[in-house]
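Single-letter residue listing:
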Amino acid sequence: MDKSHLQQLVTIAGEKSILTAKSDILCYSYDSSLESQLQQYLPSAVFIPDKAEAIPPVMSFCHQHAIPVIPRGAGTGQAGGAVAKYGGLIIDLSRLNRIIEIDTDNLQVIVEPGVVHADLNQALAPLGFSFPPDPGSTKMATIAGMISYNASGMRAMKYGTTREYVLGLDVVLSDGREIRTGGVACRSLKTVSGYDLTKLFVGAEGTLGIITRARLKIMPLPEKKGIAIAAFNQLGDAGRAVVEVFRNKIVPSAIEILDKSAIKAACLYKPSIKLPTDVAAVLFFEVDGPAAAVSYQAQRVAEICAPIAAHVEWTDAPEQVKVLWEARGVVGAASGRVRPGATRVYIGEDICVPITNVGAALEGIQRIGEKYDTIIVTYGHVADGNFHSAPVIDLESEEEIRRVRLVANEIHELALMLNGTVTGEHGVGLVRDQYMEREHGAALEVMRTIKNALDPKNILNPGKMALGGR
Ligand SMILES: Cc1cc2nc3c(=O)[nH]c(=O)nc-3n(C[C@H](O)[C@H](O)[C@H](O)COP(=O)(O)OP(=O)(O)OC[C@H]3O[C@@H](n4cnc5c(N)ncnc54)[C@H](O)[C@@H]3O)c2cc1C
């Protein structure tokens, strides 16, 4: 973007909405990925609209002059998706953060893109409702960032991912045209009218359009929650227990795993956490629903696990549930504790495999850690085979950074070998595009055709998802 482009942009968008000072644009040069911390991706400018109507004229200008545009929510993404690989203009959508309408009778809400996930659920909770997808970044992540990465979390097995809750979107296309998907005036909970354009923008990582409004499905909050905890001497036994629980016709709202290193991390972080430490893994089963069903299911899960596990316990008393759940809650923040002075990095951290390959994936990750002499703390959503494998390294050491890249590559390769995917949650961005061809085969070419049809000048988030650079 040259000086004259910048001046024209300021005229179109208004001086107050455009940032160009080095100190300002530096704040937009990275997200949560290790890669964007190792290399600086500086945009030329940042546009912070305070109303959706300000976006189409800016897009139209950028289209005319082939200027890259990168939409950004909170920048908590871990795949480098919201950074400017080829410079250009970042659109920060965080100021568009109004909850426009809550319609509990029709089980839906209408929100602006920058609404923070926790704020939406805080507004819904007193009404007895929730927006179920639940990333660990709830207090920061924006709804449009979640839609663009199809974010999910612990409860995806029972409640689904963000995709299942998006009913319709307002989108500004690369040339500034505005469309509404899911029906212009439609307020129904389902439709089979026309191509499903709504879902096309879910998981598109900002490469097809800028989301400026979302109509989302909401659900009643469950009456009660219970929890069962089981500890195992072998990783494979933990995988078998998950299969057994489903085989016994119980669908927990979450099944989370902490491997040996994750147990250690949680206990070091908060010594009051009481977990067995001499085991290979601990499983947390959360069940929810009507009160009577909750106590039955929690007890039943404990019974099913007992013959395979070294230790089991269960409770449906709300205070006890909180205490038992705490170790799972802290483990993300605690990971770095396993090695004083080192840092947990986001690289190769969210593979997803079929449930029957859970044991093989966990053992494989441990072997990779040993091979490269790198501590990997592994925990995650074992109910759908999705793991967070968190390498803990010395960020000052070039040798450790070299090795952690090899670690990440082997973890991704392992996922593909086990019939899984390289990313179950955090997206492709610029850090996983090298696996797209192998994972998708000829379908990648169809994705490129769609991209080309909607963004022929490749201005929307170029250089991501193996869709083409500049
Ligand atoms: C501590 C921590 C825990 C996390 N836990 C989870 C988890 O449990 N599950 C999970 O899925 N993820 C998790 N994440 C990753 C991340 O928080 C989510 O993917 C989140 O949805 C990203 O939202 P964001 O607003 O930060 O988006 P950003 O990082 O700003 O952007 C993400 C992508 O969306 C695009 N985008 C943003 N806004 C728009 C828009 N309006 N229109 C079009 N494209 C847009 C960007 O271009 C980018 O490609 C975690 C991250 C952290 C730091």
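What counts and how
Residues numbered from 1 in each chain as written. Predicted model: local features only at pLDDT ≥ 70, side-chain atom pairs only at ≥ 80, totals over all residues. Heavy atoms only, no water. Near = heavy atom within 4 Å. Polar contact = N/O pair within 3.5 Å; in protein donor to acceptor, adjacent residues only side chain to side chain. Areas by Shrake-Rupley, 256 points an atom, 1.4 Å probe, with all protein chains shown as cover. Helix = DSSP H or I, 4+ residues; strand = E, 2+ residues; numbered from the N terminus. Nonpolar A, V, L, I, M, F, W, Y, C, P; charged D, E, K, R; others polar. Domains from an automatic or database assignment. Buried < 20%, exposed > 50% of the residue type's maximum accessible area, 1.4 Å probe, protein only. Lys, Arg positive; Asp, Glu negative; His and termini not counted. Salt bridge = Lys/Arg side-chain N within 4 Å of Asp/Glu carboxyl O. Contact = heavy atoms within 4.5 Å. Axes fitted to C-alpha atoms, helices over the stretch in contact; angles between N-to-C directions. Parallel < 35°, antiparallel > 145°, perpendicular 65-115°, else oblique. Core = buried A, V, L, I, M, F, W, Y, C linked by side-chain atoms within 4.5 Å. Patch = residues over 30% accessible without salt bridge, like charges linked within 9 Å, V, L, I, M, F, W, Y side chains within 5 Å.

Our focus in this paragraph is the site of the ligand. Around the ligand there are 34 residues in total, and Pro71, Thr76, Ser137, Thr142 and Ser152 lie nearest to it. For the ligand, an oxygen atom lies 3.4 Å from a polar atom in the backbone of Gly81. Look at the ligand: alone it shows 980 Å² of surface, and the protein chains cover 93% of it. Elements represented by at least two residues in the shell around the ligand include exactly strand E3 (69–72), helix H6 (143–149) and strand E10 (210–217). The element that contributes the greatest number of residues to the shell around the ligand is H6, accounting for 5 residues. Grouping the amino acids of the shell around the ligand by side-chain chemistry returns 14 nonpolar, 17 polar and 3 charged. Mapped onto the domain boundaries, the shell around the ligand takes at least three residues apiece from domain 1 (3–92) and domain 2 (99–220).

Looking at the element boundaries, Asp259 is found in strand E13 (residues 254–259). Buried charge without a partner: Asp259 forms no salt bridge, and the closest opposite charge is Lys260, 9.4 Å away. In this structure, Asp259 is in contact with Ala280, Ala281, Gln366, Ile376, Val377 and Thr378, ignoring residues within four places of it in sequence.

A separate point is the packing of helix H10 (residues 260–269) against helix H12 (residues 318–334). Packing of H10 against H12 brings their axes to within 8 Å, and their N-to-C directions diverge by 90 degrees. Here H10 is positioned roughly perpendicular relative to H12, judged by the angle of their axes. Seen from H10, the contacting residues are Ala262, Ala265, Ala266 and Tyr269; seen from H12, they are Ala327, Val330, Val331, Ala333 and Ala334. For the contact of H10 with H12, the per-class residue count stands at 9 nonpolar, no polar and no charged.

Residues Phe232, Ile257, Leu283, Phe285, Val382 and Phe387 are the most contacted members of the largest nonpolar core, which totals 37 residues. Excluding residues that lie within four positions of it along the chain, Phe232 makes contacts with Asp237, Ala238, Ala241, Val279, Ala280, Ala281, Leu283, Ile308, Ala309 and Ala310. Membership of the second largest hydrophobic core comes to 29 residues, among which are Ala254, Ile263, Val321 and Val377.

Right, let's talk about the pattern of salt bridges for a bit. Applying the stated criterion across every chain, the model contains 27 salt bridges. A salt bridge links Asp175 to Arg177; the shortest N-O distance between them is 3.0 Å. Glu445 serves as the salt-bridge partner of Arg448, at 3.1 Å between the closest nitrogen and oxygen. You can see Arg448 and its partner Glu445 sitting in helix H16 (residues 443–454), 3 residues apart, about one turn around the helix. Put simply, Asp134, Arg155, Lys225 and Glu286 are held in one network by salt bridges that share partners.

Moving on to a nonpolar patch on the surface. Judged by side-chain polarity, Ile99, Ile102 and Leu127 come together as a nonpolar surface patch covering roughly 220 Å² of accessible area. Note on placement: Ile99 falls in strand E5 (residues 99–103). Accessibility expressed as a relative area gives 30% for Ile99, which makes it partly exposed.

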